[in-house]
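Take a look at the letters that make up each chain.
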Amino acid sequence: MIYFLIIFFILFSLIAFTPPKDICQKNIILFGFGVLLIFTAALREIGVDRDSVLYEEMFFNYDISMVEPSFQLLSEFIQAHLDSNITYLFFLYAFLGVLTKLFAIRQLTKLWFLSLLIYLSNFYIIQELTTIRAGVASGFLMLCLKPIYDRDWKRFLFFAGIAVFFHYSALVILPLWFLGKKTHKQWLLLSIPLGYLIYFSRINLVGVIPIPGVQEKLEMYRQLQELGDEKATAINVFNLLFFARIVIFYFLLWKYDLIASNNKYFPLLIKIYCLGLVVFLIFSTMPVVAFRINELFSVTEIVLIPLLFYGFTPRVFSKFIIEFIGLCFFFIVLFYNKLIAF
């Protein structure tokens, strides 16, 4: 598996550096790579990634009443009609997770292949190969961005509803509708310091969420935290990767007018990215919630980081910067977090 990912990274880097100009060729290459990513995720062996064993147990043995309706329905259908082959489950999640993100990339940016590279180096591994339910939800979050910009509430609610159907954490998509087109840069500048201020004050904002189904999951996470579960207790708001994201955020903010003139969705993207960073800080008392919402909002990196292309000259240097960032993400996810086994 890991060798396939390295080969894909090299191929995507080469295409991103010298992309074709013909729109037909670009579409063929983009979705051709998408097919490779879908089948790589669908055909992986159980145990090669961090979560596939858990999904296998949920699929065959355990009570899945606490899991989203999508997982229940798909599992029941596959067990009834497709010989209980879990590969079909992985294929359906990979198909939806990859395809939604590719369509969103085509809608939101002209820098398709730089975005594809950033997607592969980070969110493809984290989501399509591990947290597959969240991967589909984040794909539909990205599809929500154009309806938010266009003020098309019907399409927005349609995509947001599907996202929640695949992962309950996607409920946080709904307030994004109220992000206006106007950006108050001074609030964005102050957002991270305010987030750290709330972090140091140890204010618990998680307990105020009044949604019954969500409260049950929060109670489960709280109990895991008390038992010392590693995933429920391990959080570090001073880690190098988080600081790197803050640096990227402030650089994008510094180049705000230049980038916004080249991409009309940029003001919306950077506000959602900012929310992801702040949420990681203010929900730190419940690490599972902080990680999940941050991961969901940070999917905007797929489009945002390539927009650094407009912030540097010459353009060749811009591409080197973006590909270097992608390489750093790639090594952190693969070797530091050890999400994929050799």
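Quick summary incoming for the structure in this document. (Residues numbered from 1 in each chain as written. Predicted model: local features only at pLDDT ≥ 70, side-chain atom pairs only at ≥ 80, totals over all residues. Heavy atoms only, no water.)

### Some thoughts on the nonpolar core
Most often, soluble globular proteins have nonpolar side chains that are buried together.
Stage number 1. Counting residues in hydrophobic clusters, the biggest one holds 115 residues, and the most contacted among them are Leu37, Leu116, Tyr124, Ile173, Phe249, Ile270 and Leu307.
Stage number 2. Ranked by residues supplied to this core, first place goes to helix α14 (residues 266-282) with 13 residues.
Stage number 3. Not counting the four nearest positions on each side in its chain, leucine 307 is found in contact with Thr109, Leu111, Ile259, Asn263, Phe266 and Leu269. (Core = buried A, V, L, I, M, F, W, Y, C linked by side-chain atoms within 4.5 Å. Buried < 20%, exposed > 50% of the residue type's maximum accessible area, 1.4 Å probe, protein only. Helix = DSSP H or I, 4+ residues; strand = E, 2+ residues; numbered from the N terminus. Contact = heavy atoms within 4.5 Å.)

### Topic: the packing of aromatic side chains
Stage number 1. The full count for this structure, using the stated rule, is 32 aromatic pairs.
Stage number 2. Taking 6.4 Å as the distance between ring centres and 45° as the angle between the ring planes, the aromatic pair formed by phenylalanine 71 and tyrosine 93 counts as tilted. Taken together, the positions of phenylalanine 71 in helix α4 (residues 69-81) and tyrosine 93 in helix α5 (residues 86-108) put the pair 22 residues apart, joining distant regions of the chain. Here the two residues phenylalanine 71 and tyrosine 93 agree in accessibility, since each one is buried.
Stage number 3. Counting every residue linked through ring pairs, the aromatic cluster contains Tyr55, Phe71, Tyr93, Phe165 and Phe166.
Stage number 4. The ring centre of tryptophan 177 lies 3.8 Å from the NZ or CZ of arginine 151, which sits over that ring.
Stage number 5. Lying across the ring of phenylalanine 17, lysine 319 places its NZ or CZ 5.8 Å from the centre. (Phe/Tyr/Trp six-rings, centres within 6.5 Å; stacked < 30°, edge-to-face > 60°. Lys NZ or Arg CZ within 6 Å of the ring centre and 35° of its normal.)

### With respect to the packing of helix α1 (residues 2-17) against helix α6 (residues 112-128)
Stage number 1. The interhelical angle for the contact between α1 and α6, taken along N-to-C directions, is 160°, at an axis separation of 8 Å. Accordingly, the angle class assigned to the pair α1 and α6 is roughly antiparallel. Helix-helix and strand crossings are classified by hand; for α1 and α6 the assignment is left-handed. When α1 is examined against α6, the residues Leu5, Phe8, Phe9, Phe12, Ser13, Ile15 and Ala16 are found in contact with a partner set consisting of Phe113, Leu114, Leu116, Leu117, Leu120, Ser121, Tyr124 and Ile125.
Stage number 2. When its residues are assigned to classes, the contact of α1 with α6 shows 13 nonpolar, two polar and no charged. (Axes fitted to C-alpha atoms, helices over the stretch in contact; angles between N-to-C directions. Parallel < 35°, antiparallel > 145°, perpendicular 65-115°, else oblique. Left-handed = near helix turned anticlockwise from the far one by under 90°. Nonpolar A, V, L, I, M, F, W, Y, C, P; charged D, E, K, R; others polar.)

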